[in-house]
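# Architecture and fold: a report
The primary structure of each chain is shown beneath.
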Amino acid sequence: MSTPDPRPACRVEELVEVTDDALAAVGALVSQLSRSAPAPTREELTQIVASPATHLLLARDADGAVLGSLTLVLFRIPTGMRAWVEDVVVDAGARGHGVGQQLTREAVRLAGLAGARTVDLTSRPARVEANRLYQRVGFVLRETNVYRWSEPPS
């Protein structure tokens, strides 16, 4: 007798229409990703979906429940097509079952189809499991400085 696969069966798809369920699911995932970022409003999520540069990927189980999300950003600069992965998050109950890997592999596939030769992302060192995931998928740690400008509070 074989043991059942503990991975939740999931499919990865791009969000193309903002529904109440999708808005609630993305909001719940954002709250697991960041303590300070508010959930996107319907208008903000609609802008993300409508933008040709952003591709919001959702991992769904067999019943359609959202297990995780990833945003792929594609943009052209003088040196070529660039791809950037942002806001990768898997629901706490689905972590460790390959959902993040499926999301990341689909983002890399889509980036390649768009002509990007590389895909970049950042991850804090404290996110040990996430860093392990990216390395398993084939990402290589780069020696670079990441700078951030933040508008000072008024």
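## A closer look at the packing of helix 3 (residues 99-113) against helix 4 (residues 128-137)
Two measures define how a pair of helices packs: the angle their axes make with one another and the distance between the axes. The interhelical angle for the contact between helix 3 and helix 4, taken along N-to-C directions, is 50 degrees, at an axis separation of 10 Å. Taken together, the axes of helix 3 and helix 4 are oblique relative to one another. For helix 3 against helix 4, the interelement crossing comes out right-handed. Where helix 3 approaches helix 4, its residues Gly-100, Gln-101, Thr-104 and Arg-105 are matched on the opposing element by Leu-133, Tyr-134, Arg-136 and Val-137. A per-class count over the contact of helix 3 with helix 4 returns three nonpolar, three polar and two charged.

## Let's talk about the confidence of the model for the protein chain
Here the protein chain shows a mean pLDDT of 93. Residues at 70 or above account for 95%. Of the regions scoring below 50 in pLDDT, residues 1-5 engages in zero contacts with residues more than four places distant in sequence or in other chains.

## Some remarks on unusual backbone geometry
A negative phi holds for most residues other than glycine; trans holds for most peptide bonds. With phi around 50 degrees, Asp-87 is a residue other than glycine that occupies positive phi space. On the secondary structure map, Asp-87 appears in strand 4 (residues 80-90). Taking the relative accessible area as the measure of exposure, Asp-87 reaches 45% and is therefore partly exposed.

Cut-offs used in this document
Residues numbered from 1 in each chain as written. Predicted model: local features only at pLDDT ≥ 70, side-chain atom pairs only at ≥ 80, totals over all residues. Heavy atoms only, no water. Axes fitted to C-alpha atoms, helices over the stretch in contact; angles between N-to-C directions. Helix = DSSP H or I, 4+ residues; strand = E, 2+ residues; numbered from the N terminus. Parallel < 35°, antiparallel > 145°, perpendicular 65-115°, else oblique. Left-handed = near helix turned anticlockwise from the far one by under 90°. Contact = heavy atoms within 4.5 Å. Nonpolar A, V, L, I, M, F, W, Y, C, P; charged D, E, K, R; others polar. pLDDT = per-residue confidence, 0-100. Buried < 20%, exposed > 50% of the residue type's maximum accessible area, 1.4 Å probe, protein only.

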